[in-house]
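Chain by chain, the residues:
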Amino acid sequence: DRFSSFEGSDFKKSFFIVFKGEAGVDQGGLLTNMYCEFFDELLTKTPYLDVADRLQPSRGLPVASTSYSTPELDVFRTIGIVLAKCLMDARMVPGHVFAPFLFKFLAGETPSFRDLEVFEEDIARST
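Residues numbered from 1 in each chain as written. Predicted model: local features only at pLDDT ≥ 70, side-chain atom pairs only at ≥ 80, totals over all residues. Heavy atoms only, no water.

**Student:** Would you mind going over the nonpolar core in detail, with residue names and values included?
**Tutor:** Counting residues in each nonpolar core, the largest one holds 20 residues, and the members touching the most others are Phe-3, Met-34, Tyr-35, Phe-39, Val-93 and Phe-98. Elements represented by at least two residues in this core include exactly helix 1 (29–45) and helix 2 (70–88). Residue contributions to this core peak at seven residues, all from helix 1. (Core = buried A, V, L, I, M, F, W, Y, C linked by side-chain atoms within 4.5 Å. Buried < 20%, exposed > 50% of the residue type's maximum accessible area, 1.4 Å probe, protein only. Helix = DSSP H or I, 4+ residues; strand = E, 2+ residues; numbered from the N terminus.)

**Student:** So, unusual backbone geometry: which residues are in play, and what are the values?
**Tutor:** Phi is positive for Ala-90, close to 60 degrees, though the residue is something other than glycine. Its place among the elements puts Ala-90 in the loop between helix 2 and helix 3 (100–106). Taking the relative accessible area as the measure of exposure, Ala-90 reaches 66% and is therefore exposed.

**Student:** Can you tell me about the pattern of salt bridges, naming the residues and giving the values?
**Tutor:** Counted under the stated rule, the structure contains one salt bridge. Residues Asp-89 and Lys-85 are paired through a salt bridge, measuring 2.9 Å at the closest nitrogen-oxygen approach. Residue Asp-89 shares its accessibility class with Lys-85, and that shared class is buried. (Salt bridge = Lys/Arg side-chain N within 4 Å of Asp/Glu carboxyl O.)

**Student:** I'd love a proper account of the state of the cysteines, names of residues and values included.
**Tutor:** Tallied over the entire structure, the rule returns zero disulfides. This cysteine, Cys-36, is not joined by any disulfide, and Cys-86 carries the nearest cysteine sulfur, 7.6 Å off. Judged by relative accessible area, which is 26%, Cys-36 ranks as partly exposed. (Disulfide = S-S within 2.5 Å.)

**Student:** Can you break down helix 1 residue by residue, with the values?
**Tutor:** In a regular helix each residue adds 1.5 Å, so 17 residues correspond to 24 Å; helix 1 covers 24 Å between its end C-alpha atoms and thus fits that length. Turning to helix 1, its buried residues number three or more, namely Leu-30, Leu-31, Met-34, Tyr-35, Phe-39, Leu-42 and Leu-43. (Expected span 1.5 Å × (residues − 1).)

**Student:** Any details on a nonpolar patch on the surface? Residues and values, ideally.
**Tutor:** Among the surface-exposed residues, Leu-87, Phe-103, Phe-105 and Leu-106 lie close enough to one another that they form a single nonpolar patch of about 390 Å² accessible area. With respect to the helices and strands, the residue Phe-103 is situated in helix 3. (Patch = residues over 30% accessible without salt bridge, like charges linked within 9 Å, V, L, I, M, F, W, Y side chains within 5 Å. Areas by Shrake-Rupley, 256 points an atom, 1.4 Å probe, with all protein chains shown as cover.)

**Student:** Let's hear about the packing of aromatic side chains: which residues, and what values?
**Tutor:** With the rule as written, the count across this model stands at two aromatic pairs. Pairing Phe-38 with Phe-39 gives two aromatic rings, centres 5.2 Å apart and planes at 80 degrees, and the pair type is edge-to-face. Summarising the aromatic geometry, the rings of Tyr-68 and Phe-76 are spaced 5.3 Å apart at their centres and angled 85 degrees between planes, so their arrangement reads as edge-to-face. On the accessibility criterion, Tyr-68 (30% relative accessible area) is partly exposed. (Phe/Tyr/Trp six-rings, centres within 6.5 Å; stacked < 30°, edge-to-face > 60°.)

Keep in mind these numbers describe shape, not what the thing actually does.
See the structure below:
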């Protein structure tokens, strides 16, 4: 819920992370762990992402649709906010969460058919 109400100035603010029932002073490790937990939960529990195997999830994509509902768009917006905050906090996004072509797109590079191999090897090889 906290992320869904983020605005521009919120990205510059620091987080102080406390996990319930765990002692620890956040010197960066807890923040990194929080991002990892968020993205892992995202892949296992978000019905709006298409992953090959929810028991061993990796690299989610939005479920294909010709139109998305407001709750779905809110989830995608929150994912984008957390991803941006994670990068602004100089934390690495776990490599298994998003396909490499997402980062190519964010860096201004054009994804290629080769990037399709992550999801559809047969289609990528036939092109």
